[in-house]
Amino acid sequence: MNGKARRAETARAQEPSLGIRHDWTSYEIVGHLTAPLLDLVDEAREVHRRYHADGQVQLASLLSIKTGACPEDCKYCPQSAHYAKQTGLEREALLDVDDVLGKARIAKDAGATRFCMGAAWREVKDGAAFDSVLAMVRGVRALDMEACVTLGMLTEDQAIRLAEAGLTAYNHNLDTSPEFYGEIITTRTYQDRLDTLAHVRAAGLQVCCGGIIGMGESIEDRARLLQTLATLDPHPESVPINALVAVPGTPLEDQPPVDPLDLVRMVAAARILMPTSAVRLSAGRSALTREAQVLCFLAGANSIFYGDKLLTTANPDVDDDLALIAEAGLRVKAPSAR
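Residues numbered from 1 in each chain as written. Predicted model: local features only at pLDDT ≥ 70, side-chain atom pairs only at ≥ 80, totals over all residues. Heavy atoms only, no water.

## A look at the overall build of the chain
Counting its regular elements, the chain contains 12 helices and 12 strands. Computed over the C-alpha atoms, the radius of gyration of the chain is 19 Å, within 12% of the 20 Å expected from 2.2 N^0.38 for a compact globule of 338 residues. Principal-axis analysis of the C-alpha atoms gives the chain an extent of 50 × 45 × 40 Å. A total of 338 residues make up the chain; the buried ones form 54% of that total. Counting contacts in the chain only where the partners sit at least 6 residues apart, residues at least 24 apart contribute 76% of the total. Accessible area for the chain stands at about 14500 Å²; split by element, carbon and sulfur atoms hold 52% of it. Averaging the positions of the 35 positive and the 46 negative side-chain charges in the chain gives two centres separated by 5 Å. (Helix = DSSP H or I, 4+ residues; strand = E, 2+ residues; numbered from the N terminus. Rg over C-alpha atoms; globule rule 2.2 N^0.38 Å. Buried < 20%, exposed > 50% of the residue type's maximum accessible area, 1.4 Å probe, protein only. Contact = heavy atoms within 4.5 Å. Areas by Shrake-Rupley, 256 points an atom, 1.4 Å probe, with all protein chains shown as cover. Lys, Arg positive; Asp, Glu negative; His and termini not counted. Charge placed at Lys NZ, Arg CZ, Asp CG, Glu CD.)

Structure representation (structure tokens):
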């Protein structure tokens, strides 16, 4: 067992004394999602203050290091090769290591403490491209930043190699409930995603895993997504909550916008179910008013993706984000110890 795995085991042993549960039922979670909004936010706020009293918000920057031509058929994703003719998104090859590290330095100078790199792959394949990603990870860590990647499915051996390179966390979202999943994706099973998460955890890496709302799912589907996340043991260290960005040319282009209060409810429920996790406001934040974003912070969000773009979709201006955090009485999280 490596050092990261030992620390994770120690943290898990301490969880019962902290009141952290892994046995949530979907019935309980539906109750949270349908509770009177202010009651829900009050409960989430109480949990958040108990576990995150410092009022810090982590700034994470996300870069697409390989764009487009993904063989998966995720109906929400403009990077899918299945919809390339309709979206007009052109394929871009894997970026050069030095180029990526240059962008990481810019992100650090702008205040980001985590640098996330995404490649539009179905799965990791050993070879020159993966070796380049490992070099990117080592370079980001050398900048005293947390490093996260999302590369699709991977084996346990590949997860170990990423851990040895110094990777902080691996992102692999579940997207939605097991029951609704087949309506959104057919080229990869739900179990494939869970297997990848197990490989990540076995390698001693942090798990970054969340989902998307606004794809036509029910309240029960949202509850089942949260239940799947909250019954993982240990909980994901990071839980991205995404609102669908209905990109023209994708099968979900005509989905109505997500009600901002539905996003607040998801954030609040995630905070209650997974008290120690970082709950990250992710895609769709550019459509939120300043007031809606502050309400998400009040409900327990303590991390945002920071920068003008999330892979291929727009994101709020960095100066606006810093001003909002300051006006909300919060502060930007400093880099963690390596």
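## Remarks on unusual backbone geometry
In most cases, non-glycine residues show a negative phi, while peptide bonds are predominantly trans. Here the bond from Asp233 into Pro234 is cis, since omega is 0°, no more than 30 degrees from zero. Note that Pro234 resides in the loop between helix H9 (219–230) and strand S7 (238–243). Phi is positive for Asp144, which is not a glycine, with a value near 65°. Summarising the element assignment, Asp144 is placed in the loop between helix H6 (128–142) and strand S3 (146–150). For Asp175, which is not glycine, the phi torsion reads 75° and is therefore positive. Among the secondary structure elements, Asp175 is positioned in the loop between strand S4 (169–171) and helix H8 (190–202).

## Here's the deal with the packing of aromatic side chains
Scanning the entire structure with this criterion turns up one aromatic pair. When the ring of Tyr181 is compared with that of Tyr190, the centres are 5.2 Å apart and the planes differ by 80°; the resulting orientation is edge-to-face. For the residue pair Tyr181 and Tyr190, the accessibility class agrees, reading buried in each case. A cation over an aromatic ring shows up here: Arg21 above the ring of Trp24, its NZ or CZ 3.9 Å from the ring centre. (Phe/Tyr/Trp six-rings, centres within 6.5 Å; stacked < 30°, edge-to-face > 60°. Lys NZ or Arg CZ within 6 Å of the ring centre and 35° of its normal.)

## Description of helix H12 (residues 318–327)
When we look at burial in H12, the residues that qualify are Asp321, Leu324 and Ile325. Buried residues of H12, viewed axially, fall in a sector of 100°; they line one side. Opposite the buried face of H12, at more than 90 degrees from it, the exposed residues are Asp319, Asp320, Ala326 and Glu327. Lining the buried residues of H12 we find strand S1 (56–66), helix H11 (290–298), strand S9 (303–305) and strand S12 (331–332). Positive phi shows up at Gly329, right after H12, with a value of about 80°. (Arc of directions from axis to C-beta.)

## Topic: the nonpolar core
Ranked by internal contacts, the top residues of the largest apolar core, which has 93 residues, are Tyr76 and Leu162. By residue number, the principal contributor to this core is helix H10 (residues 260–273), which donates nine residues. The contacts of Leu162, once residues within four sequence positions are left out, are Phe130, Leu134, Val137, Val149, Leu154, Leu167, Tyr170 and Leu205. One finds Cys116, Cys148, Ala169 and Phe305 within the second-largest nonpolar core, a separate group that totals seven residues. (Core = buried A, V, L, I, M, F, W, Y, C linked by side-chain atoms within 4.5 Å.)

## Digging into the environment of Leu62
Summarising the element assignment, Leu62 is placed in strand S1. A relative accessible area of 17% places Leu62 in the buried class. Between the C-alpha atoms of Leu62 and Phe305, which are 243 residues apart in sequence, the distance is 6.7 Å.

## Overview of the packing of H9 against H10
For the pair H9 and H10, the least separation of the axes is 10 Å and the interaxial angle reads 25°. Put simply, H9 runs roughly parallel to H10. Note on packing geometry: the crossing formed by H9 with H10 is right-handed. Of the residues in H10, those in contact with Arg222, Leu225, Leu226 and Ala230 of H9 are Asp262, Met266, Ala269, Ala270 and Leu273. Class assignment of the residues belonging to the contact of H9 with H10 gives a composition of seven nonpolar, no polar and two charged. (Axes fitted to C-alpha atoms, helices over the stretch in contact; angles between N-to-C directions. Parallel < 35°, antiparallel > 145°, perpendicular 65-115°, else oblique. Left-handed = near helix turned anticlockwise from the far one by under 90°. Nonpolar A, V, L, I, M, F, W, Y, C, P; charged D, E, K, R; others polar.)

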